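For reference, the chains in residue letters:
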Amino acid sequence: MAMTDYLGKDIPKLGFGLMRLPRIEGKVDIEQVKQMVDLFLEAGFTYFDTAYGYDDSEVSIKEALVDRYPRESYQLATKLPVWRVETREEAEAMFDVQLERTGAGYFDYYLLHNLGAHRTAYFDRFDTWSFLAQKKAEGLIKHLGFSIHGKADELDAILTAHPEMEFVQIQLNYADWESPSIQCRANYEMAMQHNVPIIVMEPVKGGNLVELPKTALQLLTNANPNASTASWALRYAASLNGIIVNLSGMSDLAQMRDNIQTFTDFKPLIAEERTVIEAVRGELDKLPTVPCTSCDYCIEGCPENIAIPGIFEAMNLVLRYGEDRKAGAGFEYFWQTKGHGRAQADACIECGVCESVCPQSIAIIDELKHADALFGANPVARR
Ligand code: SF4
Ligand code: SF4
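The written sequence of each chain sets the order in which its residues are numbered from 1. Ligands are numbered from 1 and chains lettered from A, in the order in which they are written. Side-chain atom pairs in this predicted model are given and counted only at pLDDT of 80 or more, local residue features only at pLDDT of at least 70, and totals for whole chains, interfaces and linings cover all residues. Hydrogen atoms and water are omitted, and side-chain values are computed over all heavy atoms in the structure.

Chemist: Whenever I open this one, the packing of aromatic side chains confuses me. Can you help?
Modeler: Aromatic ring pairs are described here by two measures, namely the spacing of the ring centres and the angle between the planes. Centres within 6.5 Å are what make two rings of Phe, Tyr or Trp a pair, Trp counting through its six-membered ring; a difference in plane orientation under 30 degrees is then read as stacked, over 60 as edge-to-face, and the rest as tilted. Using the criterion set out here, one finds 20 aromatic pairs in the structure. Between the aromatic rings of Phe 40 and Phe 45, the centroid separation amounts to 5.6 Å while the plane-to-plane angle is 35°, which identifies the pairing as tilted. By the burial criterion, Phe 40 is buried, and Phe 45 matches it. Residues Tyr 174 and Tyr 236 carry aromatic rings whose centres are separated by 6.0 Å and whose planes lie at 70° to one another, so their mutual orientation is edge-to-face. With Tyr 174 in the loop between strand S8 (167–171) and helix H7 (184–193) and Tyr 236 in helix H9 (residues 229–238), this residue pair connects regions lying 62 residues apart in the sequence. One aromatic cluster is present, built from ring pairs that chain together Phe 16, Phe 40, Phe 45, Phe 48, Tyr 74, Phe 263 and Phe 266. Taking the ring centre of Tyr 52 as reference, the NZ or CZ of Arg 101 above it sits at 4.3 Å. The rule is simple: take the accessible area with a 1.4 Å probe, protein chains only, and divide by the maximum for that residue type; under 20% is buried, over 50% is exposed, in between is partly exposed. Each helix corresponds to a stretch of at least 4 residues labelled H or I by DSSP, and each strand to a stretch of at least 2 residues labelled E; elements are numbered beginning at the N terminus. In this analysis the charged atom, NZ for Lys or CZ for Arg, is taken to sit over a ring once it is within 6 Å of the ring centre and within 35 degrees of the ring normal.

In structure tokens, the structure reads:
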């Protein structure tokens, strides 16, 4: 049954994801972020999503948003990754660091970050649940929930054990709607079954649904030559019931303008458009790409500092667009690895740390072997 009245129902449905902020020479381009914040708020949108682990995102949003706008004019969400530390004291100290970094005084939406698999045990071991309930009682958190990249049975178990969770943040995009590993549809339906509203993450699949292969792109262009590929993906997620907000990790003003246009006078997908999306999904399912969303969780623990998501990005250029893209992909491989001071695929010692944290369950070690076979002898890629 459709949710008619739920937490966050009236929040404007585009959220500003702060994971991929624009950068100049490695540093956040704070002036552009300020312009993006201004544009976003002027257009009537109010929800900002950061996290302890998004590099300098929390500090940047203090400068671009918190220090410049009344606190009650927006909602700020952030996340606690307690699986990054060894003790309960360290985990709890992160919360104070977040208050200091953001200067926000309190958090409107606060999430236990990336539950699922072995990570859930950290939140149990440190009893993060009662710690955050206490922060909520103190007024430092308005609404408490969690993000998860796992499967629907894990989501069911957590929501059953913790009915105090007010919302859940899940991956949701049309390409992975029926995916057996990511389970967008099953996770969506599970949240609805528990009457828990959803914050959508990765509606454009980490940007992968922007640059579509020709056959898929043609289907969208035929249906509407004026609509961007991102707008189709966002409208798909935003047409569902029970959604608090759809996060988009916007990296520049152009992306923000396009997204604002999509959500201003928002039109849900009609039946004919859903049929088009299903055809696009069929085209994408034919492609044997690596389903990496560039979340970067794997990079932190890699003892060899291998540029895992960047390597997959280069590989996918070839997998998606064919062998004629191999020269350009070779340069991309060099740029993503040595160009960023990181190691290439042949440095892998097969320790498995990356695979234990990958939310997409990618067989990273095997894929790195494929990457080395693809690029290893390429002088452009190895220079
Ligand atoms: S298996 Fe390879 S890529 Fe993964 S963490 Fe270990 S060294 Fe890094
Ligand atoms: S390989 Fe997995 S953990 Fe690493 S960036 Fe890609 S999706 Fe994230």
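Chemist: Can you help me understand the site of ligand 2 in this one?
Modeler: The criterion for a residue being near a molecule or strand is simple. One of its heavy atoms has to lie within 4 Å of it. The full set close to ligand 2 counts 14 residues, and Cys 292, Cys 295, Asp 296, Cys 298 and Cys 358 are the nearest of them. Using a 2 Å cut-off from the grid points, one finds that ligand 2 occupies the second largest cavity. Top element by residues in the shell around ligand 2 is helix H13 (residues 308–321). It accounts for three residues. Its residues placed into classes, the shell around ligand 2 shows 10 nonpolar, three polar and one charged. A pocket, in this scheme, is an open set of points on a 1 Å grid over the protein atoms alone with protein on both sides within 12 Å along at least 5 of 7 lines, while a cavity is a set where a 1.4 Å probe fits but cannot get out; residues line either one if an atom lies within 4 Å of a point. Should more than half of a molecule's atoms lie within 2 Å of a pocket's or cavity's grid points, that molecule is taken to sit in it. All residues other than Ala, Val, Leu, Ile, Met, Phe, Trp, Tyr, Cys, Pro, Asp, Glu, Lys and Arg, Gly among them, are scored as polar; the first ten of these are nonpolar and the last four charged.

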